[in-house]
Amino acid sequence: MNSSPLTRRTFLNSVGVLTGGTLLLDSTQAQAATAVNRAGLTSTAAENAWPEFQGGPKNIGANTESTPLKDPVEVKWKGATSGAITTAIAVQDGTLYVGSYDGNLYAFDTETGEEEWRHEVAGRATGGVSVHGTQVYVGDDQGKLYALTTDGAVKWTYQSPDDSISASITTTSEYITFIGSVDSGIHSHFHALNHDGEEIFTTNGTGFSDYDSWTFHSVPPTIDGDLAYIPTGSGIVELDIENQEINWTGAYANTAPSLVNRSLVAASYGDISSSNTSNGGSNWSTGIPDEEIYFAHGDSPAVVDRTVITAVGSRDNDKGYVYGHDLVTGDRQWETKIQTDLSSAPVTDGTYAYIGDHSGTIHALSVESGSKAWTVEAGNGVYSQLAIVNGVLYVGDRDGYVYAIHNAPPNDPPEPRFEIAPSEPQVGELVQFDASASTDDKTIETYEWHFDGNNVADATGSLVERQFSVSGEHTIKLVVEDDDGATKPLTKTVTVRERTSTSTSTSSRTTSDSTTTSTEISTTGPTGEQSASEAGLFSAGRGFLTSGDGLLINKLSAWMLSVIGFSVSLAGVVYTMLKE
């Protein structure tokens, strides 16, 4: 969203710009500048929109209306394309627009990540993307610009004289502007069209400079009204679109400048600098410490409050740095090393700055100190431009996915449950403890069982077994932990009974479809004494002539049978002796 002229003037009056181009602030003015910034000057995107590269035509890269992404964060969804993503991401009215190397412009639902529609272009979708009103713009590597409705219908196309449109597209209420490349970027054209696709102004810079090597860098133009600010081989130029003329040429830069009031902040191969829009004169310039570090064309700064945030890569592609500088003085506030090269511009919500690296890692850094707040492993390489809208960071990756990263919802702890079988065990009996009914919103990682009350787990797993050697009440505690580290305990008491001494006799009768088992347990009679049928064979309850039970013959008692057997044995012995 563009800042209103009144807001810009208010901030300008707070800051003060001298005719010589040097910005001067006293402490009161600096506080006022910060207050106006925080009120929305550097929020180039509305809370629910990020229409193009760095959020708007001034390339500021900030959306202070968006909720900061604080640790923990998570990937909310990822939307699939079939090719690498290198374009800027545009978001408006609940839809995300992005181009892919597979030759399509995609529209995704920002809430679910579901694809709404796609449109095929002639080559690879490499330029853009920008959305303005009800139209979406994308360029391809054949030099063609496409205007589609937000529903995916083609409105018109424009064939430029260029080989490719690889830089992002910048739009205002009056203009569609972009840089097209010829001969792999050796030559280029600046284009300005209206929203009906009619060409207003196209130039390759001929006649604007005495330098033979003069050409526009392939970066998104920075637009303020009728004025375009574009880095060239000679320096940043202020190009009057309406009058079709160059007003001035300033300091050299190779990134798209960020326009904050009347200051242009940009970076070159070894410097970060600020110049004024009156004549391109320098406000300040500061070198970067490593000569092997240089800014790629896409590494435009992000500006919030009085902090200029720049991301820089390396010639050997093995590291990068993110810097924080004071917008007014150029003093370095902090620097943070990234272990992998960088190709995308940082974006910020005012609390954190976000950057993606060539390994596919997304970094969140504190705007105040540069300290790392969190990282997320996304794909395998971030070469696209990011968007931060309504508390969601959108990142396109070389793996063909768009990643939506948001604050992780609060993690509810797991809900432990367990059953004990048998519920009233006896001493020495095997008891089963089953916690498989426990639940969590994600995954339960561990089950810990405590039987001894010493806070040391005695067993792990959702199903365990145990025997108790002592009767009485025993306290059982289960502690479950989910994959986010949240835990919750559950305690139950089990009563263990003494083992009873019983004698059983079992008879079984089997039928064709079931088995029935009856068990007779020894008991005492009404007097507390055993009945004759229940007494032992030689017990006192059985008299000498008392009839036995069914195990004996002719109802002879065990005593009688014993006497008879003894007599027969004695007679046999006497007979044997007499015979001898």
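Everything that follows concerns the structure shown earlier in this document.
Quick look at the structure, then. (Residues numbered from 1 in each chain as written. Predicted model: local features only at pLDDT ≥ 70, side-chain atom pairs only at ≥ 80, totals over all residues. Heavy atoms only, no water.)

1. Points about the sheet that holds strand E39 (residues 463–467)
Then step 1. One open sheet holds the three strands; their spatial order is E35-E36-E39, and the pairing between them is antiparallel. The sheet is open, and its two edges are formed by strand E35 (419–421) and E39, each paired on a single side. Across the sheet, the mean angle separating the axes of adjacent strands is 20° when strand polarity is ignored.
Then step 2. In this structure, strand E36 (residues 430–434) lies alongside E39, joined through five bridges in antiparallel fashion. Residue pairing for E39: glutamine 432 is matched across the bridge by glutamate 465. (Pairing = 2+ DSSP bridges. Helix = DSSP H or I, 4+ residues; strand = E, 2+ residues; numbered from the N terminus. Axes fitted to C-alpha atoms, helices over the stretch in contact; angles between N-to-C directions.)

2. Structural notes on the pattern of salt bridges
Then step 1. One pass over the structure, following the stated rule, counts ten salt bridges.
Then step 2. Close ionic contact of aspartate 484 with lysine 442 constitutes a salt bridge, the shortest N to O distance being 3.5 Å. Taken together, the residues span a long stretch of sequence, with aspartate 484 in the loop between strand E40 (472–482) and strand E41 (487–496) and lysine 442 in the loop between E36 and strand E37 (444–450) at a distance of 42 residues.
Then step 3. Residue class for aspartate 484 comes out partly exposed when judged on its relative accessible area of 45%.
Then step 4. Since its relative accessible area comes to 44%, lysine 442 is described here as partly exposed.
Then step 5. One salt bridge connects arginine 466 with aspartate 452, and the closest N-O pair in it is separated by 3.4 Å. (Salt bridge = Lys/Arg side-chain N within 4 Å of Asp/Glu carboxyl O. Buried < 20%, exposed > 50% of the residue type's maximum accessible area, 1.4 Å probe, protein only.)

3. Notes on unusual backbone geometry
Then step 1. The omega torsion of the bond from aspartate 71 to proline 72 falls at 5°, within 30 degrees of zero and hence cis.
Then step 2. Here proline 72 is to be found in the loop between strand E1 (49–50) and strand E2 (73–80).
Then step 3. Along the chain, glycine 128 connects to valine 129 via a cis peptide bond; the corresponding omega equals 0°.
Then step 4. On the secondary structure map, valine 129 appears in strand E7 (residues 125–132).
Then step 5. Of note, aspartate 93 is a non-glycine position whose phi angle comes to about 50°, a positive value.
Then step 6. Considering the arrangement of structural elements, one finds aspartate 93 in the loop between strand E3 (90–92) and strand E4 (95–99).

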